[in-house]
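Below, each chain spelled out in residue letters.
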There are 2 protein chains.
Amino acid sequence: MSENKAEAVPAEAVEALSLSGADSNQRQNITPWDVEGAVVDGVRQAIDYEKLTNEFGTRKIDAALLERFEKVTGRPAHLFLRRGIFFSHRELDKILDRYEQGKPFYLYTGRGPSSGSMHIGHMLPFVFCKWLQETFDVPLVIQLTDDEKYLFKNDLKLEQVRENAAKAVREIAAIGFKPEKTFVFSNIDHIGGAFYRNILQISRCITFNAAKATFGFNDSDYIGKIHFPSVQAAPALCSTFPEIFGTRKDIPCLIPCAIDQDPYFRLTRDVAPRLKHKKPSLIHGRFLPALQGPTAKMSSSIDASAVFLSDTAAQIKKKINRYAFSGGRTSLEEHRQFGGDPDVDVPYQYLTYFIDDDQELAALAEGYRKGEISSGEMKARCIQELQHIIGSFQERTKAVTDQLAKDLCDPNFPRPYAALANK
Amino acid sequence: MSENKAEAVPAEAVEALSLSGADSNQRQNITPWDVEGAVVDGVRQAIDYEKLTNEFGTRKIDAALLERFEKVTGRPAHLFLRRGIFFSHRELDKILDRYEQGKPFYLYTGRGPSSGSMHIGHMLPFVFCKWLQETFDVPLVIQLTDDEKYLFKNDLKLEQVRENAAKAVREIAAIGFKPEKTFVFSNIDHIGGAFYRNILQISRCITFNAAKATFGFNDSDYIGKIHFPSVQAAPALCSTFPEIFGTRKDIPCLIPCAIDQDPYFRLTRDVAPRLKHKKPSLIHGRFLPALQGPTAKMSSSIDASAVFLSDTAAQIKKKINRYAFSGGRTSLEEHRQFGGDPDVDVPYQYLTYFIDDDQELAALAEGYRKGEISSGEMKARCIQELQHIIGSFQERTKAVTDQLAKDLCDPNFPRPYAALANK
């Protein structure tokens, strides 16, 4: 067996991540519920983000916008921005205008709590949100779409999704947001009042035709699924949160999310002005690749595709060594002679998400290309980094108090944003 | 001008109640939003309830069931039952079984608060519910579907439907239900918690195909409308009201409603067992005819079709005299000679809803047929009755205290039904 090839993945993962009877040619398929690269001549391709931004009609974050971001905030851009991990946007410039002018806005993100623990891909938008919250010092609302999980996964019971949501609160608390500016809510627990009133108004602006064109629903879908886009849209209207924003309707939000969530907010941007609210701005992230490579995203339903925030140091080591797709050569000799390809090497790719030091990262890529760094060494560096990140995350999760979890989910926990209402 | 023909109705009513360009033949159209008799050779027909029960698959309330009702409850049947005004049912016999066995059940009815004041047609199911509540001594939940009105009437603003719902609470309070066994809730105000959890579960049991087949929705309908049947279904599951029924799932309800609401509950009856609840039973009422006759129901959006509970004595007199369709002859002479037809005479028909004394009613019909009672005299008797009913209703509405309105809408107002939980 070669030194640096990944071991075979379990059957469940093979089935979910490979072709298994697919046509020899398929377009790439990116929806909020499916993320698959195209298939060309029977071979699954990496996700084509260029094509995706064109299809979705979003804008790429270019050097000029990044420069302005740094100038306006007075802070070097986060590594996710520098490295094109958050790579696309809708009207991010308008949010920068507001920040410059001292006008209020807020951040909105979310999580579908499908399993007991987040994987490292779920963590990315939260890590980025934390940085954005620190940078802008603005409120953040986090929607737990436990109702969506229930509606879209017919085998899930209501009790399970509610338990998963409760666990998600503690993990989110461990990210380290400012409690006095952060509100976490489960849809199942929080729908009602101003939230339901906005859902109602949104649901009178979206026809089934529009939902069908945007999400590919069909007549066999349940009416709960068809209606759900109204629920995910509502937190983008500030009046959904009277406890935070009072009676104002003119405070827009910035939504950091993976690009597959864009369809929801494309509809929301159409609806918001009709309800006399500002359109939300968006900043889109790429998917963290599955351990098997960049043709699919990490999936919490396929254990061998993902590194979970609950994994032990030993599990992390095993998963990276066994399953992580390598860009190295088939033998160490060949690798030393011809070098490896960091662009497809999953351990290296993961390191681009987690090592802040650009020089160290460049040195790793160069050493790999030259064959000076072996596949095993790259994996070891990745394991070390993941064990550190996940280990400290687990420490922080243990330290989350019941009081903190309660405060984050209490709409009436004082979030002194009302002061901004005069601006 | 003839003595006893109704005056011309205003243009808006003509348009809404007559053919105005319709085909010369049309099937009757009964949905929760439209009620129209068939058109045969260009003439609008009375609503065919026989045909409707066949199409809907409901059962007629026959003499044997009425007899059992009286035997089980020990009370003479309400005039609405004796006269076939509530004429159809689904498993009313099962509710009688439970009553006999001392097993708990509850009543569920509702109102779509589309206008400021109810008309006398809206009052009927409430009057009947009051009698059922007295007869069975059970809890009653009343859903105000302010969200439905908002979703189905695009010209209505959210503030308007909420105001209408608040007014409806006071009118319902004036009916005289037992406060300690009655819970009135606006969907807009009350959705959340157990109610949303049941909506969610119901919405994962109904496909768009099923909703389309039941309600005639199409792809241009808003996703809010399409989803709404889940909202109207939820109160038929007792677990929607944990404040009243605790954690029980095995308490069925009886739903007294006009027959046009049956499609909602046909779906609900399919869904309830899948969610481990009892199927609701139903008892269906006919529509109170419009002033213009039995081809349409009284409509609150057509002032000249309806007698409102807010009308003054003078308005009632004017409306009956001017607009009520008469079964009398074209002149008083002819009427004395050939007699009138009480079966199509709207003033007489209204009296069948309000005069409890069967002998008096029979005498009115006989006198009319013989020409001894003129159309004007029949109208005068109807006016007298309506003025009395509506006048005393208005007195009671004035007497409704803020505290009573508040208690009726407070889920935590003590409703000592939990005691039944042991049965």
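If you're wondering where the values come from, they're calculated on a predicted model, not measured in any experiment.

### As for the environment of leucine 364 of chain B
All names here are of chain B.
At step 1: In this fold, leucine 364 is placed in helix α18 (residues 358–370).
At step 2: Under the relative-accessibility criterion, leucine 364 is labelled buried at 9%.
At step 3: Considered as a pair, leucine 364 and proline 411 are 47 residues apart in the sequence and their alpha carbons are 46 Å apart.
At step 4: Look past the residues within four positions of leucine 364 in its chain and what remains in contact with it is Tyr348, Leu351, Ile355, Ile373, Met378 and Arg381.

### Quick look at the domain arrangement of chain A
All names here are of chain A.
At step 1: Under the domain assignment, chain A is made up of domain 1 (49–286) and domain 2 (313–399).
At step 2: A separation of 31 Å is found between the C-alpha centroids of domain 1 and domain 2.
At step 3: Taken together, the 14 residues of domain 1 in the interface contact 16 residues of domain 2.
At step 4: Three residues, Arg83, Ile120 and Ala174, lead the burial of domain 1 against domain 2; their summed loss comes to 43% of the area buried on that side.
At step 5: In this structure, the connection of domain 1 to domain 2 is made through 3 salt bridges.
At step 6: Linking aspartate 358 and arginine 82 is a salt bridge whose minimum nitrogen-to-oxygen distance equals 2.9 Å.
At step 7: For the pair domain 1 and domain 2, the number of links is 7 residue pairs in polar contact (both at pLDDT 80 or more).
At step 8: Element by element, the count of residues in the side of domain 1 that touches domain 2 is highest for helix α8 (residues 158–175), at 4 residues.

### Considering the pairing of strand β8 (residues 140–144) of chain B
Regular strands have side chains that alternate between both faces of the sheet.
All names here are of chain B.
At step 1: Counting buried positions along β8 gives 5 out of 5 residues, so the element sits mostly inside the fold.
At step 2: Residues of β8 alternate between two faces, with Leu140, Ile142 and Leu144 on one and Val141 and Gln143 on the opposite face, all of them buried.
At step 3: Alignment of strand β7 (residues 106–111) against β8, held across 5 bridges, turns out to be parallel. Bridge assignment links threonine 109 to a residue of β8, and that residue is isoleucine 142.

### Some remarks on the interface of chain B and chain A
At step 1: Counting residues at the interface gives 37 residues for chain B, matched by 36 residues for chain A.
At step 2: Around 3400 Å² of area is buried between chain B and chain A when both sides are counted, 61% of it from carbon and sulfur atoms.
At step 3: Sorting the residues of chain B by area buried against chain A places Arg204, Asp219 and Ile223 of chain B first, and these three jointly supply 25% of that buried surface.
At step 4: Here chain B is connected to chain A by 2 salt bridges.
At step 5: As a salt-bridge pair, lysine 212 of chain B and aspartate 219 of chain A come within 2.3 Å of each other at their nearest N and O atoms.
At step 6: Between chain B and chain A we count 23 residue pairs in polar contact (both at pLDDT 80 or more) in total.
At step 7: Counting residues per element, the ones that place at least two in the side of chain B that touches chain A are α7 (146–152), α8 (158–175), α9 (187–190), α10 (193–203), α11 (208–215) and α12 (223–233) of chain B.
At step 8: For the side of chain B that touches chain A, a count of residues per class yields 16 nonpolar, 12 polar and 9 charged.

Cut-offs and rules
- Residues numbered from 1 in each chain as written.
- Chains lettered and ligands numbered in written order.
- Predicted model: local features only at pLDDT ≥ 70, side-chain atom pairs only at ≥ 80, totals over all residues.
- Heavy atoms only, no water.
- Helix = DSSP H or I, 4+ residues; strand = E, 2+ residues; numbered from the N terminus.
- Buried < 20%, exposed > 50% of the residue type's maximum accessible area, 1.4 Å probe, protein only.
- Contact = heavy atoms within 4.5 Å.
- Domains from an automatic or database assignment.
- Buried area = accessible area lost by both parts, 1.4 Å probe.
- Salt bridge = Lys/Arg side-chain N within 4 Å of Asp/Glu carboxyl O.
- Polar contact = N/O pair within 3.5 Å; in protein donor to acceptor, adjacent residues only side chain to side chain.
- Pairing = 2+ DSSP bridges.
- Nonpolar A, V, L, I, M, F, W, Y, C, P; charged D, E, K, R; others polar.

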